[in-house]
Amino acid sequence: LKGGKGYIAAPMGQLHYRDIGPRDDQHPIILLHQSPMSMIEWAGVQNALAELGIRCITVDTPGYGLSDPPTKQPSIKDYADNLLALLDALKLTKVVIGGQHTGAQIAASFTANHGDRVLALVMHGAAAMSREEANAYLTNPNKKARTPLADGSHLTRYFSYVKTNRQDLLDALTWLTLTSYMQGPDIGHWAAYHYDMMLDIPKIKVPVLLLSDTGDAINKMDKRLATARPDFKYVEFSNGNTLEFMTDPIRWANIYSTWRAQVVKN
């Protein structure tokens, strides 16, 4: 995460961002992370996009990374509205906005409610849950607790989220585990499981790139969304799980760059 970091004052407090790439690109992509994570998950992609000559801004969602925690539980729309301060501070009239999981939900809400500021939308694992799917998670007694244990097994249990011997995926898992224990209450997931994206989907009128991983539990939701909106470009990024884009950031950047050239006119 070398260079481009800064803070702006936003309704939820100080918002931490990283802005790299050519300064004459007035329509950058803003990338938002999943919960519980931080902008670190997009670091490889962001650097790869900058190498391709594309300006990219990543953001720590309030309550995560180095952004201030909000004073009360936000909704997904609250998180989305908070981003207006970032665009205004950086003097950006229109952007491409994207994200993964919770970040994709925030991006969808922003697009639906502030469409005049958006040129296109990218969602990697859109998490367009039905109420039944959301309630199944909220009432699941086996949700991962983040209570530290004396033998450190709380870390190894979280680390075993994905079974792998691949070094690149082990590196990504390390970030997921560490960031999960560096935060306070997991307010992002609370907001995610109380958000109905399908109420916002009809309001989205811009080009949409929908990426998915077939090994991700959210893949069935992505396929369902792609069927509901055949105008969205659907791409299966991998046969793995939710962290695969961290292991192949150059491919992600190339997919976006090719699509962007087709749908976004500077």
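Structural data are supplied above this passage.
Cut-offs used in this document
- Residues numbered from 1 in each chain as written.
- Predicted model: local features only at pLDDT ≥ 70, side-chain atom pairs only at ≥ 80, totals over all residues.
- Heavy atoms only, no water.
- Buried < 20%, exposed > 50% of the residue type's maximum accessible area, 1.4 Å probe, protein only.
- Helix = DSSP H or I, 4+ residues; strand = E, 2+ residues; numbered from the N terminus.
- Pairing = 2+ DSSP bridges.
- Phe/Tyr/Trp six-rings, centres within 6.5 Å; stacked < 30°, edge-to-face > 60°.
- Axes fitted to C-alpha atoms, helices over the stretch in contact; angles between N-to-C directions.
- Contact = heavy atoms within 4.5 Å.

J.: Explanation requested: the pairing of strand β2 (residues 13-20) in the structure shown.
T.: Looking down a regular strand, the side chains alternate between one sheet face and the other. Within β2, six of the eight residues are buried, which leaves it mostly tucked inside the rest of the structure. Two elements, strand β1 (residues 5-10) and β2, share six bridges in a ladder whose sense is antiparallel. Directly across from Ala9, in β2, lies its bridge partner Gln14. The loop that links β1 with its antiparallel partner β2 comprises two residues. Pairing analysis gives four bridges linking β2 to strand β4 (residues 56-59), with the strands arranged antiparallel. The partner of Tyr17 across the bridge, within β4, is Val59.

J.: How should I be thinking about the packing of aromatic side chains in this particular structure?
T.: When we look at a pair of aromatic rings, we describe it by the centre distance and by the angle of the planes. Inspection of every chain in the model, using the stated rule, returns six aromatic pairs. Between Trp42 and Phe245, the ring centres sit 4.4 Å apart and the planes meet at 40 degrees, which makes this aromatic pair tilted. Of this pair, Trp42 sits in the loop between β3 (29-32) and α1 (43-51) while Phe245 sits in helix α10 (residues 244-247), and the two are 203 residues apart along the sequence. A relative accessible area of 1% places Trp42 in the buried class. The buried category is assigned to Phe245, whose relative accessible area is 0%. Relative to Trp252, the ring of Trp42 has its centre 5.1 Å away and its plane inclined at 70 degrees; by these criteria the two rings are edge-to-face. Placement of the pair is Trp42 in the loop between β3 and α1 and Trp252 in helix α11 (residues 249-263), with a sequence separation of 210 residues. Each member of the pair, Trp42 together with Trp252, is buried.

J.: So what exactly am I meant to see when it comes to the sheet that holds β4 here?
T.: Through backbone hydrogen bonds, the strands of a sheet pair up, either in parallel or in antiparallel fashion. The mixed open sheet is built from eight strands, whose spatial order is β1-β2-β4-β3-β5-β6-β7-β8. Only two strands of the sheet have a single partner each, and these edge strands are β1 and β8 (233-238). Neighbour-to-neighbour, the strand axes of the sheet open up by a mean angle of 25 degrees, direction not taken into account. Across four bridges, strand β6 (residues 118-124) lies against strand β7 (residues 208-213) in parallel orientation. Note on β7: the bridge partner recorded for Leu121 is Val208. Lying over the sheet, α1 contacts β2, β3 and β4, oriented at roughly 45 degrees with respect to β2.

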